[in-house]
Amino acid sequence: LNGDQNLNLEKNLINLLGGGFVTTCASGHDSLFLAIKSLNLNKDDEVIFPVNSYPTAHPLSQASVKLVPVDVDENGQIDPKEIVKKITKNTKVIVTVHLYGLVGDFEYVIKLARNNKIYLIEDAAQSFGTRFQNKAVGTLGDIGCFSFYPTKNLGTLGDGGAIWTKHKRFYNFFRQAKSYGEKRKYYSEFVSGHSRLPEVQAGVLNHYLTMFDTDKKQRQNIVEFYLKHLDGASGIRPLLSNSESQPVQHLFVIEAEKRDQLMKFLRSRKIPTDIHYPKPIHLLPAFSSLQYKKGDFPMSERLSKAVLSLPFHQYLTKKDILYIVRLIKKFYND
């Protein structure tokens, strides 16, 4: 089923994540889809997830379950108080998304899942390497989903993903579901598609893992440098991680007054920025069947109009950051 590079990658990920079971797959999208499918849910079973997480909503919807979006906190992380309002007898899963590589009030989320006997899935696509209470995110629930898309904290040359679980039965399902439901070659026990990570991509990831500690530290240093020099700046507020976490950020995101004007101003000075994400999923045509309306998720809607992702990668220099910060301050102070 797997070649040597995939097998070595799974072992390397288990070591880095601190145990459990890992299987590679074709993408972060597939990891979430397979995670939900492993639970054998039906169309009336409810899955709670944050309404601002655009990529997460699609595989959940494709898994044919009842989507229950909830609002987020001011840092874009799922709000446990909003989860409490949405839990019913049909709630089977909470999907938490460590968006931007940050962590929210995750201890509360873990307790909610445990106390209500609800499965907890972590979408850790943007947070590889992040830790919470000194444990790797993606390993604090029942299933953790990772993406190795090229821009991610650990990225390959094409696409890729992995699924972590502490449950052997889910692991056994993932092994079969990623290849036609086969227990052995050409012997399918259930109908499934395929979601395999090419050997060449696994080999690239094994190589990049040898450099990950250095890249991780550089990303953390860049965040600290940004925060130091943006401290006290008018018009903007960096989105932050839980004080009990050690984030490895995928993006450096601010909430900005006059966001669109700032974006245009920076672009005119050759500074690229982006918006993650411009609309919560309840305001998108694809999810109109959920029958929510504008105003139903106020924090997510507020952030969607104000978040801005600044240039962020491990190769940024202090000179680059100082130039970006100087332009931001100029925009608000002139």
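Worth saying up front: this structure is predicted, and the values here are computed from it rather than measured.

Caption draft 1: Structural view of the overall build of the protein chain. Scanning the protein chain from terminus to terminus reveals 11 helices and 15 strands. At 20 Å, the protein chain has a C-alpha radius of gyration in line with the 20 Å of a compact globule built from 334 residues. Seen through its principal axes, the protein chain has C-alpha atoms that stretch 70 × 45 × 35 Å. Across the protein chain, contacts joining residues at least 24 apart in sequence account for 69% of those joining residues at least 6 apart. Approximately 15600 Å² of the protein chain is accessible, and the part contributed by carbon and sulfur atoms is 51%.

Caption draft 2: Quick peek at the layout of surface pockets. Estimated volume of the largest pocket: approximately 470 Å³. At the level of elements, helix H8 (212-230) and strand E15 (307-310) are the ones that each hand at least two residues to the lining of the largest pocket. Sort the elements by how many residues they give to the lining of the largest pocket and H8 lands first, with three residues. Among the residues making up the lining of the largest pocket, the classes are represented as 12 nonpolar, 10 polar and four charged. Roughly 380 Å³ of internal volume is contained in the second largest pocket. Taken together, 23 residues form the lining of the second largest pocket, with His29, Pro55, Ala125, Ser147 and Lys152 sitting closest to its centre. Breaking the lining of the second largest pocket down by element, the ones donating at least two residues are helix H2 (28-37), helix H3 (54-62) and strand E8 (143-147). Sorting elements by how many residues they give to the lining of the second largest pocket places H2 first, with four residues.

Caption draft 3: Structural detail: the pairing of E8. Of all five residues that make up E8, five are buried, and the element is covered over most of its length. Here E8 shows a buried face lined by Ile143, Cys145 and Ser147 and a second buried face lined by Gly144 and Phe146. Inspection of the sheet shows strand E5 (residues 119-123) paired to E8 by three bridges, in the parallel sense. Within E8, the residue paired with Asp123 across the bridge is Cys145.

Caption draft 4: Geometry of empty space enclosed by the protein. Following the criterion strictly, the structure yields two cavities of 30 Å³ or more and no others. Together, Asn52, Gly76, Tyr100, His276, Tyr277, Lys279, Pro280, Ser300, Leu303, Ser304 and Val307 line the largest cavity. Of all the elements, helix H10 (residues 298-304) adds the most residues to the lining of the largest cavity, at three residues. The volume enclosed by the second largest cavity comes to roughly 40 Å³. What lines the second largest cavity is simply Gln77, Ile78, Thr96, Val97, His98, Gly104, Asp105, Phe106 and Val109. The set of elements that each furnish at least two residues to the lining of the second largest cavity consists of strand E4 (91-97) and helix H5 (106-115). Per-class residue counts for the lining of the second largest cavity are four nonpolar, four polar and one charged.

What counts and what doesn't
- Residues numbered from 1 in each chain as written.
- Predicted model: local features only at pLDDT ≥ 70, side-chain atom pairs only at ≥ 80, totals over all residues.
- Heavy atoms only, no water.
- Helix = DSSP H or I, 4+ residues; strand = E, 2+ residues; numbered from the N terminus.
- Rg over C-alpha atoms; globule rule 2.2 N^0.38 Å.
- Contact = heavy atoms within 4.5 Å.
- Areas by Shrake-Rupley, 256 points an atom, 1.4 Å probe, with all protein chains shown as cover.
- 1 Å grid on protein atoms, 1.4 Å probe; cavity = no way out; pocket = protein on both sides within 12 Å on 5 of 7 lines; lining within 4 Å.
- Points joined across faces, edges and corners; volume = space filled by probe spheres on them.
- Nonpolar A, V, L, I, M, F, W, Y, C, P; charged D, E, K, R; others polar.
- Buried < 20%, exposed > 50% of the residue type's maximum accessible area, 1.4 Å probe, protein only.
- Pairing = 2+ DSSP bridges.

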